[in-house]
Amino acid sequence: MIGIRDYKKAASLEEAYQLNQKRGNRLLGGMLWLKLSRNSVQTVIDISGLGLDKIEETGEGLRLGAMVTLRQLELDEKLVTYGGGAFREAVGRIVGVQFRNLATLGGSIYGRFGFSDVLTLFLALDATVCLYKRGRVPLRDYAALPYDRDIITHLLLPKAAPLAVAYRSARLTETDFPLLTCGCAVRSDALNIAVGARPGRALLLSGLEKYAGRKLKDEEIEEIAAHAAATVPTGSNTRGSAAYRTHLVQVLCARALRACFRKEDGCGADADS
Amino acid sequence: MKIVNTSVPKKDALQLLTGQPVYTDDLAPKDCLIVRLLRSPYASAIVKSVNKKAALLIPDIEAVYTWEDLPADAKRFTLAGQTYPEPSPHDHLILDRRLRYVGDPVAIVAGRNEAAVEKALALIKVEYEVLEPLLDPTVAKDNKIIVHPEDDWEALCPVGADNKRNLCAHAESNAGDIEATLADCDIVLDRTYHTKAVQQCMMETYRTFCTIDTYGRLVITGATQVPFHVRRIVALALGIPKSKVRVIKPRIGGGFGAKQTCVSEVYPALVTWLTKKPSKIVFSRYECMTASSPRHETHMRVRLGAMKDGRIRGIDMYAVSNTGAYGDHGPTTVDLTGHKPITLYRTESYRFVADVVYTNNMPAGAYRGYGAPQGMFAVESAVNELAALLGMDAFLLREKNIIHEGDYLPSYYGETNTSCALDRCLARAKELSGWEEKGLCRKLQNGKVRALGMAMAMQGSAIPYLDVGGATLRLGDEGTYNLLIGASDMGTGCDTILAQIAAEVLECDLDAVSVFGVDTDASPYDSGSYASSTTYLTGQAVYQAAAELRRRLTLLAAKLLKCEADEIIFDGKKAAKIDGSGALTLAELAVASQAGNDVALDVTASTKSTASPPPFMVGVAEVDIDTETGEVRPVHYYGVVDCGTCINPNLAKVQTEGGIVQGIGMALSENVTYAPDGRVYENSLMQYKIPSRLDNGRLTVVFEPSYEKSGPFGAKSIGELVINTPGPAIAAAIANAVGARFYELPVTPEQVAMAAAARKKK
Amino acid sequence: MELTLTLNGKKMSRLIEPGILLLDFLRSEGCYSVKRGCETSNCGLCTVFLDDVPVLSCSLLAARAQGRRVTTLEGLRQEAEELAAFIAAQGAEQCGFCNPGFMMNAIALLREKAEPSVDEIRDYLAGNLCRCSGYEGQLRGILAFIEWRKSEKGGAAR
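Residues numbered from 1 in each chain as written. Chains lettered and ligands numbered in written order. Predicted model: local features only at pLDDT ≥ 70, side-chain atom pairs only at ≥ 80, totals over all residues.

Colleague: Can you explain the overall build of chain C? Please cite residues and give values.
Modeller: Helices and strands together make up the secondary structure of chain C, namely five helices and five strands. Secondary structure of chain C in N-to-C order comes out as β-β-α-β-β-β-α-α-α-α. Its C-alpha radius of gyration of 16 Å places chain C within 12% of the 15 Å reference for a compact globule of 158 residues. Along the first, second and third principal axes, the C-alpha atoms of chain C reach 50 × 35 × 25 Å. The 158 residues of chain C split such that 59% are buried. A fraction of 60% describes how many contacts in chain C between residues 6 or more apart in sequence connect residues 24 or more apart. (Helix = DSSP H or I, 4+ residues; strand = E, 2+ residues; numbered from the N terminus. Rg over C-alpha atoms; globule rule 2.2 N^0.38 Å. Buried ≥ 20, exposed ≤ 12 C-beta atoms within 10 Å, placed from the backbone. Contact = placed C-beta atoms within 7 Å.)

The following block contains the structure:
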């Protein structure tokens, strides 16, 4: 269990940032993961008083504060409008309501955990990470960066909602970590497929340009799923082997894609999940 | 019957549901020393030296003990809560120089607060001589690595143990000539099965606090199913007289057999005995998952001989049970692995051979079912496979072969099947589950496959000629009663059930019976709550005590009314003369019993049993299988149970439902696996997945009672039986969906998906 | 550091260690209903309300309750007893160790939604593990309670 010597509730992002530059200090998100670390922390920095717990529509798109909880992601109406059932599908089974009332979006994204449902979905959605000092970084770049001492303030989702979004995962038990995750977003100019819990960090599939902006035939969906299985690196842990995960990549990619194109008009939000 | 066979709420229900402070850690004195253990990071090692100087310099540290602090002549003991002399070998010391698994205690630290203790743990310097561990039970027997090479290792009972061969026990039993039978069968199915270790995961981890009382005695308060055994074991471990030890059991947050092993008691006991200060230990969940007493991992080879018409003629089983680093419950659990499942069938012959082996894994112990779930998975899976081979319905195959009431049971110690509704359970389960209408396997619109599978099970009720049930009943003021018991209510509701039996005999309201348990100074001796014994055996003790108390009430009334006892009729409220010429209310009798009275209205009864009447169950699993991802989700489980008379139908039902869901966990998601260095991977509830309420589907449980004449009001046991069927039933359902068989528990999504994919390719 | 909060309706100030978890703080204040069942935020035994929202007190620094309302089962006795009677009527309390966390979260659910469906009940309470009951009896109890409350309200309206 973690040992914490001091607690400081930041009055401003600048104060939080300054405190966070000290080795031995840690930023406090939902604390669910921090709690498990064996290190001792000098000062934990609480940014829960800085109004970062809102989901807002802005001129640039949807702006989600770093302290937005997973429970908010699951229930917020703006997100239902934006992504159909995909948000709920991605986070609605994570441990339990009491857990999701604490766990934060910022913590999930900063952690870039291999098992992260949140990272998988937000990658598929083309999210941008807003950092206090560094400014904006596309999540697809941020996901590959090493841990640093900047502060995530918000995540931005593009103003135009995807034509369709779908999220699929497989799990040993309903509330367990995923065995594999797959998020798909169909845009008029792009097709995004993110695969996570490989068990490494989620990544976006490349080479999908030719499938962008149109309704896909069944054979094409199978083709993409096979491509995903052939290119996404997988590994083994206690929950499953690399071979099994590669099998799941193909299954879940195909399923998520089919869900995206199920509606007659070619696209629709993932309402059936 | 007015109170027996009714679903009264548990006597402690509202206290528990409103969160009252009734558990060990709620009751511990605030000034308790905090006790924690430094545990071995190696699966096999010798402690070369321990430097505790730095730890002892911390101001709030009271004591640090290592193997050097134990008396040189400390005797080995077993942590298994069993009747003395225990079948489990005496192979433990409180602290040993040789460490036998990752987690074996190296040092005990006691301090005035958590922070100091944690700091001290980090400052103890230990020099280890690291040895090569033995981690594979299948090669443990006669391996060159010996887990218990010490000369003072001792097996008190003839269980075929030999520490120099890594044998905790070896057992053989048979009836008829199994080889001749199998040679004469049309079909001999020869299969190997494997069940992994699984954890009890009671919500309250192991915990104990100790104090010294007015008389200088050691008082141990803790979560235990076996207070009287704890008293004996701790006295032996500390080398002090048993008269110096008193054990109190408050409410327990679940047991399931885990607390039939003395996992946490000896450490604070040592601290308090040596320092004379109160102390407590509360196991973390991490400790509970890595250094506890899970179910024995078991490898089983089954040979099942049958004729083409479905007649099962012989069952041969060889089991290797992995007891891990210590032999707690090793020799006895394996017995059930063979005898319970084999006994379900009328065969011409059987044989059961077992080796219980030591390894450098976490020590195993008692867990609900006590060896039976492993064997039930093997035999019931084999029978299900036989049904498929024969093209015969799994129910029909059972109907042809099951034992019936009145049968002589050669594989069950030669007992007679005195009460048995197994045939009715089969019929009811088939109907209830819609077995015939639904079909074994159908495709759903969402692409999943819904499949059915079934299994049968039996267990025992108490250990014959060994277990002792005890009850004291006493008339108190105002005509109410006190019932004192030595059996541990661990949440199952035995306090209430036993009070129901007393109230039925005494014809009083349930509220008129106050229950007290357990305090080894005040409770009558009872072996404890295990081996499915409490309702059946302690229930008989309560029945007898109540009947005797009735007789004595009549005697006192006769004295007071100046007549013969047989002229008195007692109806629970008053004792009246038959001719109507006089009567005393119970309250008047109670008052009279406290003035110039020499008729003791305080009765203790003690019972043993001469048989272990089996309860029976049939389970049907209805399961959704995603054949592509391999995810398996039970949607409905149907259980039909013969536990004799249900003393409290609600509590029997909830027992069954809880057991089914634990069985579902064992079937699908619960797993203990080891890293190459002997560390347990599933070391938390984050990694070890017990079912949440989204993982078990709906449950339907009904009863088909027989009447067991030797039990109280016809009751048998229920607690353990109910965990047995999900493993084989779910494995069968998956097989029916995928077309491939599974020989290991848990059946993982990976196994299912890969089997289905391989079949698709063909 | 000093912590000021409203615990079960009572405003209080205490000097606390900055690193103390809310669970440990609450037990030190005599709220023994709050139990610890794991170290990994998985079991739900320690559920309390922070400003009426159910959270895991094992995963929250007490310091974060500054200026807020914290409610444990000790503060909900009457509300708890109503529901408890229906769980007890099923015998589903069993060992009782998970009960306080379960009761807290069930109360949170029933405050949010008066008549949740079976699926909604199971979803909302998924983070409350119970090893004794198999969950079915708890479900029966909650459904019976909802029915009773409906008829009570209906009765009052008439």
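Colleague: Explain the domain arrangement of chain C to me, using residue names and the numbers behind them.
Modeller: Residue and element names in this part refer to chain C. Looking at chain C, the domain boundaries give domain 1 (2–74) and domain 2 (76–157). Just the C-alpha atoms count here: the centres of domain 1 and domain 2 sit 22 Å apart. Counting residues at the interface gives 13 residues for domain 1 and 13 residues for domain 2. Counting residues per element, the side of domain 1 that touches domain 2 draws most heavily on strand β3 (residues 47–50), which supplies three residues. Along the lines of polarity and charge, the residues of the side of domain 1 that touches domain 2 split into eight nonpolar, four polar and one charged. (Domains from an automatic or database assignment. Nonpolar A, V, L, I, M, F, W, Y, C, P; charged D, E, K, R; others polar.)

Colleague: Describe the pairing of strand β2 (residues 10–15) of chain C, and please don't skip the residues or the numbers.
Modeller: Residue and element names in this part refer to chain C. Counted residue by residue, β2 has zero buried out of six residues, so it is predominantly exposed. Here strand β1 (residues 2–7) pairs with β2 via six bridges, running antiparallel. By the bridge assignment, Glu 2 is partnered in β2 with Leu 15. Here β1 folds back onto β2, and the loop between the two strands holds two residues, one of which, Asn 8, carries a positive phi near 50°. (Pairing = 2+ DSSP bridges.)

Colleague: Describe the interface of chain B and chain C, naming the residues involved and giving the relevant values.
Modeller: The partner chain C presents 41 residues to the 43 residues of chain B that form the contact. Where the side of chain B that touches chain C is concerned, the elements lending two or more residues are α1 (13–17), α8 (285–290), α17 (649–668) and β29 (698–703) of chain B. Sorting elements by how many residues they give to the side of chain B that touches chain C places α17 of chain B first, with seven residues.

Colleague: So what's going on with the nonpolar core? Which residues, and what values?
Modeller: Judged by nonpolar contacts, the single largest core of 394 residues is most densely connected at Cys 184 and Cys 253 of chain A together with Ile 108, Leu 483, Leu 498, Ala 502 and Ile 734 of chain B. The residues touching Ile 734 of chain B, leaving out its near neighbours within four places in the chain, are Ala 451, Val 623, Ile 625, Val 632, Phe 742, Val 747 and Val 752 of chain B. (Core = buried A, V, L, I, M, F, W, Y, C linked by C-beta atoms within 7 Å.)

Colleague: Outline the domain arrangement of chain B, listing residues and values.
Modeller: All names here are of chain B. Each domain of chain B was delimited in the assignment, giving domain 1 (15–131 + 206–282), domain 2 (297–461 + 612–761) and domain 3 (464–607). Its C-alpha centre places domain 2 at a distance of 39 Å from the equivalent point of domain 3. Taken together, the contact pairs 17 residues of domain 2 with 17 residues of domain 3.

Colleague: An account of the sheet that holds strand β18 (residues 441–443) of chain B is requested, with residue identities and associated values reported.
Modeller: Strand pairing in a sheet is mediated by backbone hydrogen bonds. Such pairs are either parallel or antiparallel. Residue and element names in this part refer to chain B. Here we have five strands laid out as an open sheet, ordered β18-β19-β27-β28-β29, and mixed in their pairing. If you trace the sheet from one side to the other, it starts and ends with β18 and β29, each paired once. Strand after strand, the sheet turns through a mean of 15° between neighbouring axes, direction not considered. As paired strands, β18 and strand β19 (residues 449–458) are joined by three bridges and run antiparallel to one another. What sits directly across from Arg 442, in β19, is Arg 450. (Axes fitted to C-alpha atoms, helices over the stretch in contact; angles between N-to-C directions.)

Colleague: Kindly report on the interface of chain A and chain C, identifying the contributing residues and their values.
Modeller: How big an interface is tends to be reported as the loss of accessible area on association of its parts. With 21 residues of chain A at the contact, the number on the chain C side is 23 residues. A per-element tally of the side of chain A that touches chain C places strand β1 (residues 3–9) of chain A first, with five residues. Here the residues of the side of chain A that touches chain C are counted per class, giving ten nonpolar, six polar and five charged.

Colleague: With reference to specific residues and values, describe the packing of helix α9 (residues 218–231) of chain A against helix α10 (residues 242–260) of chain A.
Modeller: Residue and element names in this part refer to chain A. At a minimum axis separation of 8 Å, α9 and α10 run at an interaxial angle of 150°. Crossing hand, α9 versus α10: right-handed. Residue-level contacts link Ile 221, Glu 222, Ile 224, Ala 225, Ala 226, Ala 228 and Ala 229 of α9 to Thr 246, Val 249, Gln 250, Cys 253, Ala 254, Leu 257 and Arg 258 of α10. Looking at the contact of α9 with α10 residue by residue, the classes come out as ten nonpolar, two polar and two charged. (Left-handed = near helix turned anticlockwise from the far one by under 90°.)

Colleague: Break down helix α1 (residues 13–20) of chain A for me, with residues and values.
Modeller: Residue and element names in this part refer to chain A. Listed as buried for α1 are Ala 16, Tyr 17, Leu 19 and Asn 20. Taken around the axis of α1, the buried residues stretch over an arc of 165°, which confines them to a single face. Structurally, α1 contributes buried residues whose contacts are with β1, β2 (26–28) and β3 (40–46). (Arc of directions from axis to C-beta.)

Colleague: Before we move on, can you summarise the packing of helix α6 (residues 227–238) of chain B against helix α7 (residues 266–275) of chain B with the specific residues and values?
Modeller: Residue and element names in this part refer to chain B. α7 packs onto α6 with a crossing angle of 55° between their chain directions and a minimal axis gap of 10 Å. The angle between α6 and α7 falls in the class oblique. Classified by chirality, the crossing of α7 by α6 is right-handed. Touching Val 234, Ala 237 and Leu 238 of α6 are Val 266, Ala 269, Leu 270 and Trp 273, all from α7. Tallied by class, the residues present in the contact of α6 with α7 amount to seven nonpolar, no polar and no charged. (Parallel < 35°, antiparallel > 145°, perpendicular 65-115°, else oblique.)

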